[in-house]
Amino acid sequence: EGQAAAEALADGVEDSILADDLLVISLFDGIWGLRRALDLLRLRPALTLASETNAEARRVVTYAWPDVYELGPVEEITREKISSILAKKGNFTKVLVGGGSPCTDLTSLNIGAAGLQGPESILFYEFLRVGRLVCQLLPDAEVSLFLENVASMKPVYRDIMSKELGVPAWQLCASDLSDVRRKRY
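All of the points below concern the structure found in this document. Note that the structure is predicted; figures quoted are calculated from it, not measured. Per chain, the residues get numbers from 1 upward, laid out in the order the sequence is written. A pLDDT threshold of at least 70 governs which residues receive local features in this predicted model, and a stricter bar of 80 or more applies before side-chain atom pairs are shown or counted, although totals over entire chains, interfaces and linings include all residues. For side-chain calculations, the full set of non-hydrogen atoms in the structure is used, while hydrogens and water are omitted.

Focus on the pairing of strand 2 (residues 43-51)
Paired strands, in this sense, are two strands between which DSSP finds at least two bridges. To qualify as a helix, a DSSP run of H or I must reach at least 4 residues; to qualify as a strand, a run of E must reach at least 2; elements of each kind are numbered from the N terminus. One ladder, built from eight bridges, connects strand 1 (residues 17-27) with strand 2; its direction is parallel. Bridge assignment links Ile25 to a residue of strand 2, and that residue is Leu49. One crossover worth recording links strand 1 to the parallel strand 2 by way of helix 2 (residues 33-40), and it is right-handed. Assessed by its sense of winding, the connection that carries the chain from strand 2 through helix 3 (residues 55-64) to strand 3 (residues 69-70) is right-handed. If you view a crossover with the strands going away from you and the path from the first strand over the helix to the second runs clockwise, you call it right-handed.

In structure tokens:
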């Protein structure tokens, strides 16, 4: 099953356009929806870094995209780790840091949810830390942060996340593009 999923995800990669100045960092990576979206746009980043803790998801990603550089758990991403990769891989003028931090402590389906201080959703602050670290390491690059999370969170948490990211939240639904109804910020 995993190999079939990986082969389906990798479809179309070979005829994409190389963006030799683009670095993509995907945190809370899963099976790398961010990279798949870029593939559908026929855009191949010069360097792709990923952070995911699920071994099966990592296996699918590395099969579909063998050029992925695995960073390990987001909490273990350091200035030194990123600096050493960047020193070997060249200059980047554009960086996309994307991800979907855990929503288990934010979703309205979890009655006793602890919000952004919960043991999983607190990882939102790791997303911010890594994004800010990349901005420090590449001060001349255009760095964009892209975060998605559950739309059923309390407005107070949405507002905190928006303030920390420096942009207002947009609510989107997958049903605008597919047969799946899944509202997200």
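On we go from here.
Brief notes about the packing of helix 5 (residues 124-137) against helix 6 (residues 155-165)
Every axis corresponds to a line fitted to the C-alpha atoms, with the helix fit spanning only the stretch in contact, and the corresponding angles, defined between N-to-C directions, vary from 0 to 180 degrees. Contact pair helix 5 / helix 6: the axes reach a minimum separation of 11 Å and the direction vectors enclose 10°. Judged on the interaxial angle alone, helix 6 and helix 5 are roughly parallel. Residues Phe124, Tyr125, Phe127, Leu128 and Arg132 of helix 5 form the contact with helix 6, whose own contacting residues are Ile160, Met161, Glu164 and Leu165. The residue makeup of the contact of helix 5 with helix 6, split by class, is seven nonpolar, no polar and two charged. Our angle categories are set so that under 35 degrees counts as roughly parallel, over 145 as roughly antiparallel, 65 to 115 as roughly perpendicular, and the remainder as oblique. Note on contacts: a residue pair qualifies if any of its non-hydrogen atoms lie within 4.5 Å across the two residues. Each residue gets one label: Ala, Val, Leu, Ile, Met, Phe, Trp, Tyr, Cys and Pro are nonpolar, Asp, Glu, Lys and Arg are charged, and the others, such as Gly, are polar.

It is worth stressing that arrangement in space is one thing and function is another; only the former is reported here.
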